[in-house]
Amino acid sequence: EESASRSDKKKVVAVVGGGLVGALNACYFAKRGFDVQVFETREDIRKAKIVKGRSINLALSHRGRSALKHVGMEDKIVSKGIPMHARMIHSLSGKQSPIPYGKKGQYILSVDRANLNKELLTEAETYPNTTLNFGRKLQDWNAETGLMTFIRSDGSEEEIQADLIVGCDGAFSAIRKQFLRRSRFNFSQTYIPHGYMELTMPPINGEFAMKPNYLHIWPRNTFMMIALPNLDKTFTCTLFMPFEEFEKITTGDEVIEFFQKYFPDTIPLIGVDALKRDYFRLPGQAMVSVKCTPYHIGDKCVLMGDAAHAVVPFYGQGMNAGFEDCIVFEEIMEQFNEDFSAVLPEYTRVRVPDDHAIADLAMYNYIEMRAHVNSRWFLFRKHVDNFLHAIMPKTIIPLYTMVTFSRIRYHEAVKRWHWQDKVINRGLLFSATGAVLGASYLLAKNPPDITKLTVPVEKLWSRLMALRTP
Ligand SMILES: Cc1cc2nc3c(=O)[nH]c(=O)nc-3n(C[C@H](O)[C@H](O)[C@H](O)COP(=O)(O)OP(=O)(O)OC[C@H]3O[C@@H](n4cnc5c(N)ncnc54)[C@H](O)[C@@H]3O)c2cc1C
Ligand SMILES: Cc1cnn(-c2ccc(OCc3ccccc3)c(C(=O)O)c2)c1-c1ccc(Cl)c(F)c1
């Protein structure tokens, strides 16, 4: 058994998983002077050949930026991100309607996933007390002794001891497997019936095919598509659709027929041949929601990122929540002076309600968008949000704003959202009652000739309800 501890003065922290959260976490623990060992299944992605046209991007917002800032990485990552100041809602007719996210400084950033991971690994490696071990897949580990067994790329086994194990090995975490064997460990996993597929929208004459500083959204109830810009002037489009719909489309012509029906404006932008080719490159990918508690075992192991809480991507918060895990853990390490026996239980107590809240919010968004949201309803909802926020800025803060542009704890944002809903409903009830009483008084005083009413009330009502139907 090989002991990883090089120096007796500082404890050994093993970060399992060198993805986005693991790489950032390595920086946090290294900054504190721990002897950090990162173990990642994949080979070093910085040495892998560039896979052209496979740029996957993510929306980085305030929570994630705050976590990056703490280890001095915010400016470097933001400088390679593309600001998206508003949503651009695409209607079926191809009409594009921008709705700002908020005040000038409130924008989200489209960042390249692979580059972000590489930058964070490189930053972690700049700490002399950090070692990155690639080609290591965690096979098993012992919660009492902290002894881990890794399988190397050549099939050989390697045993490593650590004082603290940080499980950042994603939604299908091997670290979490041990948790599942323990009493009073609560775990839920839900696959949703939708899948996702990424398609690339190339530049036209060297320029972006659409306006770049927007999160482009095509809300079609059951079907949704988004597009985020990349530095190479392409857009990465993500199509969300039920697996049974993916399975119905089996030929290139059926792909075009489908896009003609739901996303006609994107056909000339993505290209007929590219659509027919890229659509069959990979099948629709699954999306899973994982919730569990507690996040720790004794003073030995803690889960962070998707290993602790995989969320469906309908809020663009998965990575942001995982990054915020790092900064919350850091704050508790400071508070309890790095005493793991106090830090780990406190981290579970503080963080579980928030990560469960964002998991629920993301699922709520998915269900809400799938059921009601077409372009008219999306526009209506967001204009109402922005209007109420404009007239009562301290009282009404849109939920999306609290989640995306603040570090209000996720579960507090949900509580406030419910409170605001009550205020609005009471307000609407009050003003509706007032309007009815006032109108009745006026009607009683001088009754009009109702045959001359230009737009009968039922026509108004049917127009409002039409916003909700596709
Ligand atoms: C379609 C889609 C769109 C998304 N869009 C956004 C967005 O816009 N904004 C946002 O904030 N989030 C978004 N997310 C969520 C985001 O991708 C995840 O939350 C984030 O990648 C989680 O990071 P992680 O490091 O916890 O896990 P991962 O990124 O999954 O990294 C886990 C790492 O652990 C390694 N590993 C796994 N098992 C082992 C093992 N046994 N031993 C050693 N290493 C192991 C893996 O190789 C991987 O490198 C999206 C997700 C999806 C699916
Ligand atoms: C990647 C990313 C970053 N943020 N968002 C996001 C999510 C939801 C939103 O509103 C929900 C709503 C609109 C209208 C009515 C109810 C709810 C908004 C918004 O307000 O602009 C933005 C996404 C995203 C991810 C997947 C899909 Cl499918 C999608 F459309 C967007």
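Residues numbered from 1 in each chain as written. Chains lettered and ligands numbered in written order. Predicted model: local features only at pLDDT ≥ 70, side-chain atom pairs only at ≥ 80, totals over all residues. Heavy atoms only, no water.

Describe the overall build of the protein, and please don't skip the residues or the numbers.
Helices and strands together make up the secondary structure of the protein, namely 15 helices and 20 strands. In summary, the protein has a C-alpha radius of gyration of 25 Å against a globular reference of 23 Å for 470 residues, a match within 12%. For the C-alpha atoms alone, the extent of the protein along its principal axes is close to 95 × 55 × 40 Å. A burial count over the protein gives 51% of its 470 residues as buried. Sequence separation of at least 24 residues holds for 72% of the intrachain contacts in the protein that already meet a minimum separation of 6. Accessible area for the protein stands at about 22600 Å²; split by element, carbon and sulfur atoms hold 58% of it. (Helix = DSSP H or I, 4+ residues; strand = E, 2+ residues; numbered from the N terminus. Rg over C-alpha atoms; globule rule 2.2 N^0.38 Å. Buried < 20%, exposed > 50% of the residue type's maximum accessible area, 1.4 Å probe, protein only. Contact = heavy atoms within 4.5 Å. Areas by Shrake-Rupley, 256 points an atom, 1.4 Å probe, with all protein chains shown as cover.)

With reference to specific residues and values, describe the nonpolar core.
Among the nonpolar cores identified, the biggest contains 74 residues, and W141, M148, F323 and F329 are the most heavily contacted of them. Per-element tally for this core: the top contributor is helix α1 (residues 20-31), with nine residues. Sequence-distant contacts of W141, defined by excluding residues within four places in its chain, comprise L147, M148, I165, A174, I175, Q178, F179, I297 and C301. If you look at the next biggest cluster of nonpolar residues, it comprises 39 residues, including Y101, L379, Y400 and V414. (Core = buried A, V, L, I, M, F, W, Y, C linked by side-chain atoms within 4.5 Å.)

Could you give an account of helix α11 (residues 340-372), with specific residues and numbers?
The terminal C-alpha atoms of α11 lie 46 Å apart, and with 33 residues this matches the ideal 48 Å at 1.5 Å per residue to within 8%. In α11, a bend of some 40° at R351 exceeds every other bend along the element, and P353, a proline, comes one to four places later. (Expected span 1.5 Å × (residues − 1). Bend = angle between axes of the 7 residues up to and from the residue.)

Residues and numbers for the site of ligand 2, please.
With respect to spatial proximity, 20 residues lie near ligand 2, and among them R87, Y101, M369, K382 and Y400 are the closest. In this structure, an oxygen atom belonging to ligand 2 sits 3.1 Å away from a side-chain N or O atom of Y101. Protein chains bury 97% of the 650 Å² of accessible surface belonging to ligand 2 in isolation. Taken together, the elements giving at least two residues each to the shell around ligand 2 come down to β15 (214-220), β16 (223-229), α11 and α12 (375-391). Counted by class, the shell around ligand 2 contains 14 nonpolar, two polar and four charged residues. (Near = heavy atom within 4 Å. Polar contact = N/O pair within 3.5 Å; in protein donor to acceptor, adjacent residues only side chain to side chain. Nonpolar A, V, L, I, M, F, W, Y, C, P; charged D, E, K, R; others polar.)

Could you give an account of the sheet that holds strand β13 (residues 164-167), naming the residues involved and the relevant values?
Spatially, the six strands line up as an open sheet ordered β9-β3-β2-β13-β20-β19, and their pairing is mixed. On the outer flanks of this sheet lie β9 (130-134) and β19 (296-297), each paired with one strand and no other. Here four bridges tie strand β2 (residues 12-16) to β13, and the two strands are oriented parallel to one another. Across the sheet, V16 pairs through a bridge with G167, a residue of β13. The strands touched by α1 within the sheet are β2, β3 (35-40), β9 and β13, with β3 carrying the most contacts at an inclination of about 170°. (Pairing = 2+ DSSP bridges. Axes fitted to C-alpha atoms, helices over the stretch in contact; angles between N-to-C directions.)

Give a detailed account of the confidence of the model for the protein, specifying residues and quantitative values.
A residue-level look at the protein finds 95% of positions with pLDDT of 70 or above and a mean pLDDT of 93. Scoring of the predicted complex yields 0.92 for pTM and 0.99 for ipTM. (pLDDT = per-residue confidence, 0-100.)

Please provide a residue-by-residue account of the packing of α11 against helix α14 (residues 410-445), values included.
For the pair α11 and α14, interaxial distance at closest approach is 7 Å and the crossing angle is 55°. On the basis of their axis angle, the class for α11 and α14 is oblique. For the pair α11 and α14, the contacting residues are R351, P353, D354, A357, I358, L361 and Y364 in the first and Y410, H411, V414 and W417 in the second. Of the residues contributing to the contact of α11 with α14, the split by class is eight nonpolar, one polar and two charged. (Parallel < 35°, antiparallel > 145°, perpendicular 65-115°, else oblique.)

Now, about a nonpolar patch on the surface: what can you tell me, with residues and values included?
Judged by side-chain polarity, F380, V384, W461, L464 and M465 come together as a nonpolar surface patch covering roughly 430 Å² of accessible area. Take the nonpolar patch: its biggest share by element is three residues, from helix α15 (residues 457-466). For F380, the location among the structural elements is in helix α12. Its relative accessible area of 31% is what places F380 among the partly exposed residues. (Patch = residues over 30% accessible without salt bridge, like charges linked within 9 Å, V, L, I, M, F, W, Y side chains within 5 Å. Salt bridge = Lys/Arg side-chain N within 4 Å of Asp/Glu carboxyl O.)

Now, about helix α4 (residues 113-125): what can you tell me, with residues and values included?
Between its first and last C-alpha, α4 extends 19 Å over 13 residues, near the 18 Å set by a 1.5 Å rise per residue. Turning to α4, its buried residues are L116, N117, E119, L120, L121, E123 and A124.

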